[in-house]
Amino acid sequence: MSELKTHTGGCHCGAVRWEVDLPDAFEVEDCNCSMCAMSGNIHIIVPSSRFRLTEGNDNLAEYTFNTGVAKHLFCKTCGVKSFYIPRSNPDGVAVTWRCIDDWQDLNVTVNKFDGQNWEKHAHTLAHKSKD
């Protein structure tokens, strides 16, 4: 893996802010599960050790459904989900790609992920939350 660089990001109103350590080039998941498809969420899954919430913990609302494993976290002020704990990787964090401050400058490969058939494909993401 290439050297990691710290990037900042957060929600639309700025109440929720965080840092994430990413390599120079990485993959993001374009998932078609019911939640990601409806919200247009494209995300990168990282080990929890590479994510730091720096502001706004008290301004997060949590939504769960189905198994309750995924923790969808939204800013109480603007409603943006800039990161969440994914069902596929509950030991990691899924950061919304376009919530990274410099997202347009990043070297990413967008991977289609078949979240509509989650049980069949989730194992392909398991390595992404490992250090």
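Predicted, not measured: the structure shown is a model, and the values here were computed from it.

Thoughts on the overall build of the protein chain
Looking only at helices and strands, the protein chain has two helices and 10 strands in total. Over its C-alpha atoms the protein chain spans a radius of gyration of 14 Å, differing by no more than 12% from the 14 Å that the globule rule assigns to 131 residues. Within the protein chain, buried positions represent 44% of all 131 residues. Across the protein chain, contacts joining residues at least 24 apart in sequence account for 57% of those joining residues at least 6 apart. If you sum the accessible surface of the protein chain, you get close to 7000 Å²; carbon and sulfur atoms cover 49% of it.

Some thoughts on the UniProt feature "domain: CENP-V/GFA" (unreviewed entry) in the protein chain
Following the UniProt record, one finds the feature "domain: CENP-V/GFA" (unreviewed entry) at residues 7-119. Along residues 7-119 one finds 7% helix and 46% strand; the C-alpha atoms at either end are 32 Å apart.

Remarks on the side chain of Lys81
If you trace the backbone, Lys81 turns up in the loop between strand 7 (71-75) and strand 8 (83-85). Put simply, Lys81 is tucked away with no salt bridge, and the nearest opposite charge, on Asp30, sits 12 Å away. A distance of 2.9 Å separates polar atoms of two side chains, one belonging to Lys81 and the other to His72. When sequence neighbours within four positions are dropped, the list of residues in contact with Lys81 reads Met35, Asn41, His72, Leu73, Phe74, Thr96 and Cys99.

Remarks on the sheet that holds strand 9 (residues 92-96)
Read across the open sheet, the seven strands follow the order 6-7-8-9-4-3-10; overall the sheet is mixed. Looking along the sheet, the strands with just one partner apiece sit at the ends: strand 6 (60-63) and strand 10 (107-113). Ignoring which end each strand starts from, the neighbouring axes of this sheet average 35° apart. Note that strand 7 and strand 8 share three bridges and pair antiparallel. Within strand 8, the position partnered with Leu73 by the bridge is Phe83.

Cut-offs and rules
- Residues numbered from 1 in each chain as written.
- Predicted model: local features only at pLDDT ≥ 70, side-chain atom pairs only at ≥ 80, totals over all residues.
- Heavy atoms only, no water.
- Helix = DSSP H or I, 4+ residues; strand = E, 2+ residues; numbered from the N terminus.
- Rg over C-alpha atoms; globule rule 2.2 N^0.38 Å.
- Buried < 20%, exposed > 50% of the residue type's maximum accessible area, 1.4 Å probe, protein only.
- Contact = heavy atoms within 4.5 Å.
- Areas by Shrake-Rupley, 256 points an atom, 1.4 Å probe, with all protein chains shown as cover.
- UniProt positions renumbered as here; feature names shortened; annotations may be inferred.
- Lys, Arg positive; Asp, Glu negative; His and termini not counted.
- Salt bridge = Lys/Arg side-chain N within 4 Å of Asp/Glu carboxyl O.
- Polar contact = N/O pair within 3.5 Å; in protein donor to acceptor, adjacent residues only side chain to side chain.
- Pairing = 2+ DSSP bridges.
- Axes fitted to C-alpha atoms, helices over the stretch in contact; angles between N-to-C directions.

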